[in-house]
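# Architecture and fold: a report
Spelled out from the first residue to the last, the chains are:
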Amino acid sequence: MKRIISILTVIVVMLNFVALTKSQTVKAVSFLPPEQLYSDSAVLYNLDTQTIVYERKPDTKCFPAQLTQIMTAIVAIEKAPSLDSVIECPATIFDEFEEYRAKYSDEDSYNEVTTCGIESGEQLKIEHLLYAMLLKSSCEAASTIAYNIGQGSIQNFVNMMNEKAKAIGAENTHFTNPHGLYDEGQYSTASDLLKITEYALSLPGFSEIAGTYSYSTGPTNIHSEGIEMNNVNLMMNPESMYYYEHCKGIKTGNSDQSKRCLISKASHDGQNYIAVLLGAPFMLDDDGDYKFTHLIDAKKIFEWAFKYIEHKVVLDAAKEVSTLKINYAKGKDYINLKPVSNVKCMWDKTKDISLIDTTDIEYVYEELNAPVKAGEKLGTLKLTYLKEEIGRVDLVAYSDAELSYVKCSMAILDSYFTSSAFKTAIRVACGLTIIYLVIAAYTINLRAKRRREKRRAKNRQE
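Analysis parameters
- Residues numbered from 1 in each chain as written.
- Predicted model: local features only at pLDDT ≥ 70, side-chain atom pairs only at ≥ 80, totals over all residues.
- Heavy atoms only, no water.
- Patch = residues over 30% accessible without salt bridge, like charges linked within 9 Å, V, L, I, M, F, W, Y side chains within 5 Å.
- Areas by Shrake-Rupley, 256 points an atom, 1.4 Å probe, with all protein chains shown as cover.
- Salt bridge = Lys/Arg side-chain N within 4 Å of Asp/Glu carboxyl O.
- Lys, Arg positive; Asp, Glu negative; His and termini not counted.
- Charge placed at Lys NZ, Arg CZ, Asp CG, Glu CD.
- Helix = DSSP H or I, 4+ residues; strand = E, 2+ residues; numbered from the N terminus.
- Buried < 20%, exposed > 50% of the residue type's maximum accessible area, 1.4 Å probe, protein only.
- Pairing = 2+ DSSP bridges.
- Axes fitted to C-alpha atoms, helices over the stretch in contact; angles between N-to-C directions.
- pLDDT = per-residue confidence, 0-100.
- Contact = heavy atoms within 4.5 Å.
- Phe/Tyr/Trp six-rings, centres within 6.5 Å; stacked < 30°, edge-to-face > 60°.

Residues Asp 106, Glu 107, Asp 108 and Asp 256 make up a contiguous surface patch of negative charge. As for its placement among the helices and strands, Asp 108 is situated in the loop between helix H3 (93-104) and strand E4 (123-125). Under the relative-accessibility criterion, Asp 108 is labelled exposed at 63%.

Below you can see the structure in the form of structure tokens.
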């Protein structure tokens, strides 16, 4: 009897592994800020949860302008022997800038060669050059870094930039220079620039440098009083109408082709965001002054996120989401399913959580059989909000379901008696019975006939 029970248990457990489980994936809803942005392409990313909260045309290719210098900083930090290493600004890099000015720049153009006044032959620490790039968008600083780390070849350095972009996962990005001056072969996307910036923030020194408002190099071999520089991002300037106290800097960019661009970090009440804003138009205000549309967008989207977006539980782990029919279970015919854990995502406080759809379930097994342990994965729930997927979570058994050997045995017997094998056996048995009865009848009849013949023969003899 024990052997029979063991065999039955093994059979039923094996039935539960017919289907394969799927790994869980999580993403967030992209909510819309209440006000329209100027920027043509945008991404708002929560650093703490690694969640995109808002995006608009994130994969549209664009010209990155001086945002390029973030990648230049990455390669410099990783390839330089030390940020204290002193290198010299080569005279040859200025030829490119003169050619660029002649080709693209005029008094009405935004294609200026941005500089902080570094001169040919000037010797500076790599750290100083990083400040010059990230605060002043210094083209000569970027080319000086590229020339020296590229061992006399700026192209070698650009190759390193492209290799690093691919390694980071920026598949829709290509660099042709280290400073970001316009070139038709240089492009990226908001999505890729987010990946590049998030990676840069993981490197030692980058966040501190990019978040600085004012800096001085100290005396150099050409500037005895050093080079003073203030961050060109007016969101960092306390005296500017665009000042935003939660802004932690990072990088601006401008050109006729790219329009106004910005990648900025903001931190408030323990929340940290990156905004990537590309293609904001050049505009004048009513007084005829420049209107910095990319900075207006940044402040608008940051304030919206800090006020309305929160990391919230949208599905509790204790909630019974579904019930599933179970075979051969002791004392029950159904088992309850619940999320394996709380489901949390970045959520807009103004939106109703009850509108989240929790009915789209993919079950692990086509037919569930006992035994089942509490916590065993039985399905995957896809949560959607207004037809947009929020995320997926595994559904598990709320409680144990023990195997009923009586139910199992009866089911096996019942399945046998209704099986085609059993029906075939009945047909064969019936056929054999009929044959047997025919043969038996024939034999009986034959014997009776012989007895009658014997009696007749005997009667004739008498």
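Turning to the sheet that holds strand E2 (residues 51-56), a few remarks are in order. The five strands are arranged E2-E1-E9-E8-E7 in an open sheet whose pairing can be described as antiparallel. The open sheet has two edge strands, E2 and strand E7 (247-255), and neither has a second partner. Each strand axis lies, on average, 5° off the axis of its neighbour in the sheet, ignoring direction. Here E7 runs beside strand E8 (residues 259-268); their pairing, made up of seven bridges, is antiparallel.

Right, let's talk about the confidence of the model for the chain for a bit. Here the chain averages 88 in pLDDT, while 89% of its residues score no lower than 70. Note that residues 1-26 has pLDDT below 50 and, in this model, 39 contacts with residues that lie over four places away or in other chains.

On to the side chain of Asn 46, then. Topologically, Asn 46 is positioned in strand E1 (residues 41-46). Look at Asn 46 and you get buried, because its relative accessible area is 2%. For Asn 46, the contacting residues outside a window of four places in its chain are Thr 51, Val 53, Gln 271, Asn 272, Tyr 273 and Met 346.

Moving on to the sheet that holds strand E19 (residues 388-397). Spatially, the six strands line up as an open sheet ordered E16-E18-E19-E14-E13-E17, and their pairing is mixed. The two strands at the open ends of the sheet, each matched to only one other strand, are strand E16 (356-363) and strand E17 (368-369). Pairing of strand E13 (residues 322-327) with E17 involves two bridges; the strand directions are parallel. Paired with Ile 326 across the strands is Leu 368, a residue of E17.

In this section: the pairing of strand E18 (residues 377-385). Buried residues dominate E18, accounting for eight of its nine residues. Bridging between E16 and E18 involves six bridges; their strand directions are antiparallel. Residue pairing for E18: Ile 361 is matched across the bridge by Leu 381. Bridging between E18 and E19 involves eight bridges; their strand directions are antiparallel. Bridging across to E19, Thr 384 finds its partner in Glu 389.

Attention now goes to the packing of aromatic side chains. All chains considered together, the criterion is met by 14 aromatic pairs. Aromatic pair Tyr 131 and Tyr 215: ring centres 3.6 Å apart, planes at 5°, arrangement stacked. Of the two residues, Tyr 131 is situated in helix H4 (residues 126-136) and Tyr 215 in strand E5 (residues 214-216); the sequence distance between them amounts to 84 residues. Neither Tyr 131 nor Tyr 215 differs from the other in exposure class; each is buried.

So, about a positive patch on the surface. On the surface, a cluster of positive charge is made up of Arg 447, Lys 449, Arg 450, Arg 451, Arg 452, Lys 454, Arg 455 and Arg 456. Within the secondary structure layout, Arg 452 lies in helix H11 (residues 420-461).

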